[in-house]
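This is what each chain is made of:
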Amino acid sequence: MLIGYAWAFSPDQNPDSQKEALRDAGCKKIFVETAEGISPDRPQLMAALESSQPGDTLMVWKLSRLARSLRQLIKTVELVRSRRLQLKVLTQNIDTSTHDGELFFHVTATFNEFQRDLIVENTRTGLRAARKRGRGGGRPRALDETKLKNAEAMLRDTDAYPHVGDVIDQLEIGRTAFYRYFPPERIRQFRGDSR
């Protein structure tokens with residue numbers, strides 16, 4: 001029997017595409033994990049393994065949906081093997097029921113870990129370099145201190161800038177960015193509006 005396992009390891013991920021792919025591949029049961037990526041507890045994986053019989057196949061959409069690190073992947077695969085199950089990875093054509101699939105699995109897992117480590121290292125290096133130049137990570141601020149003071153002055157000057165949109169146009173920034181700095185109650189304070 002094919003048993004599907006999907007993992008949405010952050011709150012903004014939707015596992016529907018994983019579930020659909022697993023269903024299309026013939027999985028009769030699909031277990032969906034919603035634990036955070038760093039969490040060692042994966043109750044749905046354990047439920048999937050407990051519902052299986054020797055000879056069944058655990059199927060995942062992508063190797064990264066089975067584990068978030070090489071260490072976690074090795075432990076998970078050992079767990080799968082201890083239950084005498086096979087492992088299939090849809091998007092990477094991995095099937096541990098064959099010798100070639102077993103070899104490809106190990107090479108792919110190692111490469112995935114290497115790639116993840118490179119991304120993390122490059123991000124850290126970039127952040128260190130940015131800090132040396134006096135910048136933190138992320139986007140630059142839409143309004144620096146000078147523009148912020150100008151915006152406050154424009155908001156107070158209701159004759160020259162009768163509408164908030166006039167201030168936004170003059171600053172040449174987006175509305176969302178403007179309202180992040182100036183929520184409605186703060187705008188009312190500058191405009192002398194007691195409503």
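As a starting point, this report considers the structure included with it. Everything numeric here is computed off the predicted structure, so don't read it as measured data. (Residues numbered from 1 in each chain as written. Predicted model: local features only at pLDDT ≥ 70, side-chain atom pairs only at ≥ 80, totals over all residues. Heavy atoms only, no water.)

1. Digging into the packing of aromatic side chains
Right, on to step 1. The tally for this structure, following the rule as stated, stands at 3 aromatic pairs.
Right, on to step 2. Seen from their ring centres, phenylalanine 182 and phenylalanine 190 are 6.0 Å apart, and the 75 degrees between their planes marks the pair as edge-to-face.
Right, on to step 3. Among the residues examined, phenylalanine 182 registers a relative accessible area of 0% and is labelled buried.
Right, on to step 4. An aromatic cluster is defined as three or more aromatic residues linked by ring pairs; in this entry it consists of Phe178, Tyr179, Phe182 and Phe190.
Right, on to step 5. Lying over the aromatic face of tryptophan 7, arginine 42 brings its terminal NZ or CZ to 4.9 Å of the ring centre. (Phe/Tyr/Trp six-rings, centres within 6.5 Å; stacked < 30°, edge-to-face > 60°. Buried < 20%, exposed > 50% of the residue type's maximum accessible area, 1.4 Å probe, protein only. Lys NZ or Arg CZ within 6 Å of the ring centre and 35° of its normal.)

2. Description of helix H6 (residues 164–171)
Right, on to step 1. Listing the buried residues of H6 in full gives Val164, Gly165, Val167, Ile168 and Leu171. Projection of H6 onto a plane perpendicular to its axis shows the buried side chains occupying an angular sector of 155 degrees, all on one side.
Right, on to step 2. Residues of H6 that are buried sit in contact with helix H5 (145–156), helix H7 (175–181) and helix H8 (184–191). (Helix = DSSP H or I, 4+ residues; strand = E, 2+ residues; numbered from the N terminus. Arc of directions from axis to C-beta. Contact = heavy atoms within 4.5 Å.)

3. Some points on the nonpolar core
Right, on to step 1. Counting 23 residues, the largest nonpolar core has Tyr5, Leu58, Leu63, Leu66, Leu73, Leu87 and Phe105 as its most contacted members.
Right, on to step 2. The set of elements that each furnish at least two residues to this core consists of strand E1 (2–7), helix H2 (43–50), strand E3 (57–60), helix H3 (70–82), strand E4 (86–89) and helix H4 (99–132).
Right, on to step 3. Listed in part, the 17 residues of the second largest apolar core include Tyr161, Val164, Ile173 and Ile187. (Core = buried A, V, L, I, M, F, W, Y, C linked by side-chain atoms within 4.5 Å.)

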